[in-house]
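Listed here are the chains, written in short residue letters.
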Amino acid sequence: MTHTYKTENTCATQIQFDKDENGVITNIVFTNGCNGNLKAISKLLDGMKAEDISAKLLGNTCGRRPTSCADQLAKAVMSV
């Protein structure tokens with residue numbers, strides 16, 4: 001099932017991804033943000049379980065911001 005998550009406090013404005021009944025995440029697409037880095041993150045995480053993505057990325061910050069695109073992805077995959 002495809003999900004769309006509206007991000008907060010990041011350059012990316014939303015994240016779209018598929019999550020199957022086993023919690024496996026695929027087809028991650030960020031809207032806006034650092035294009036090259038976010039494409040790489042999407043490729044590296046494709047096929048991983050939501051719990052594993054969250055364990056690796058939750059709490060990652062960007063500069064002075066209290067969050068990052070990676071942190072927002074970790075929250076997104078666990079929110080659905």
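Residues numbered from 1 in each chain as written. Predicted model: local features only at pLDDT ≥ 70, side-chain atom pairs only at ≥ 80, totals over all residues. Heavy atoms only, no water.

Q: Help me understand the environment of threonine 13, please; the structure alone is not making it clear to me.
A: Mapped onto the elements of the fold, threonine 13 is located in the loop between strand S1 (2-6) and strand S2 (14-19). Separated by 19 residues in the primary sequence, threonine 13 and asparagine 32 place their C-alpha atoms 6.1 Å from one another. At 3.1 Å, the side chain of threonine 13 and the side chain of asparagine 32 are in polar contact. (Helix = DSSP H or I, 4+ residues; strand = E, 2+ residues; numbered from the N terminus. Polar contact = N/O pair within 3.5 Å; in protein donor to acceptor, adjacent residues only side chain to side chain.)

Q: It is not clear to me how the pattern of salt bridges should be interpreted in this structure. Could you clarify?
A: When the charged atoms of two side chains with opposite charge come close together, those side chains can pair. Under the criterion given, the structure shown has one salt bridge. In this structure, lysine 75 and aspartate 71 form a salt bridge, with 3.2 Å as the shortest nitrogen-oxygen distance. Here lysine 75 pairs with aspartate 71, and both are found in helix H3 (residues 69-79), just four residues apart, close to one helical turn. The class of aspartate 71 is buried, set by a relative accessible area of 2%. (Salt bridge = Lys/Arg side-chain N within 4 Å of Asp/Glu carboxyl O. Buried < 20%, exposed > 50% of the residue type's maximum accessible area, 1.4 Å probe, protein only.)

Q: Teacher, can you tell me more about the packing of helix H2 (residues 50-57) against H3 here?
A: Between two packed helices, the angle of one axis relative to the other and the distance separating the axes together describe the packing. At a closest axis distance of 8 Å, the pairing of H2 and H3 adopts a crossing angle of 150°. One way to sum up the angle between H2 and H3 is to call them roughly antiparallel. Relative to H3, H2 is oriented so that their crossing is left-handed. Touching Ala50, Glu51, Ile53, Ser54 and Leu57 of H2 are Ala70, Asp71, Leu73, Ala74, Val77 and Met78, all from H3. Per-class residue counts for the contact of H2 with H3 are eight nonpolar, one polar and two charged. (Axes fitted to C-alpha atoms, helices over the stretch in contact; angles between N-to-C directions. Parallel < 35°, antiparallel > 145°, perpendicular 65-115°, else oblique. Left-handed = near helix turned anticlockwise from the far one by under 90°. Contact = heavy atoms within 4.5 Å. Nonpolar A, V, L, I, M, F, W, Y, C, P; charged D, E, K, R; others polar.)

Q: For this particular structure, what's the right way to read the nonpolar core?
A: Soluble globular proteins: nonpolar side chains tend toward being buried together. Core analysis: the largest hydrophobic core is formed by 18 residues, its most contacted members being Ile28, Phe30, Ile53 and Leu73. Looking at this core element by element, the count peaks at six residues for H3. Once residues lying within four places of it in the same chain are set aside, the contact partners of isoleucine 28 are Ile15, Gln16, Phe17, Ser42, Leu45 and Leu73. (Core = buried A, V, L, I, M, F, W, Y, C linked by side-chain atoms within 4.5 Å.)

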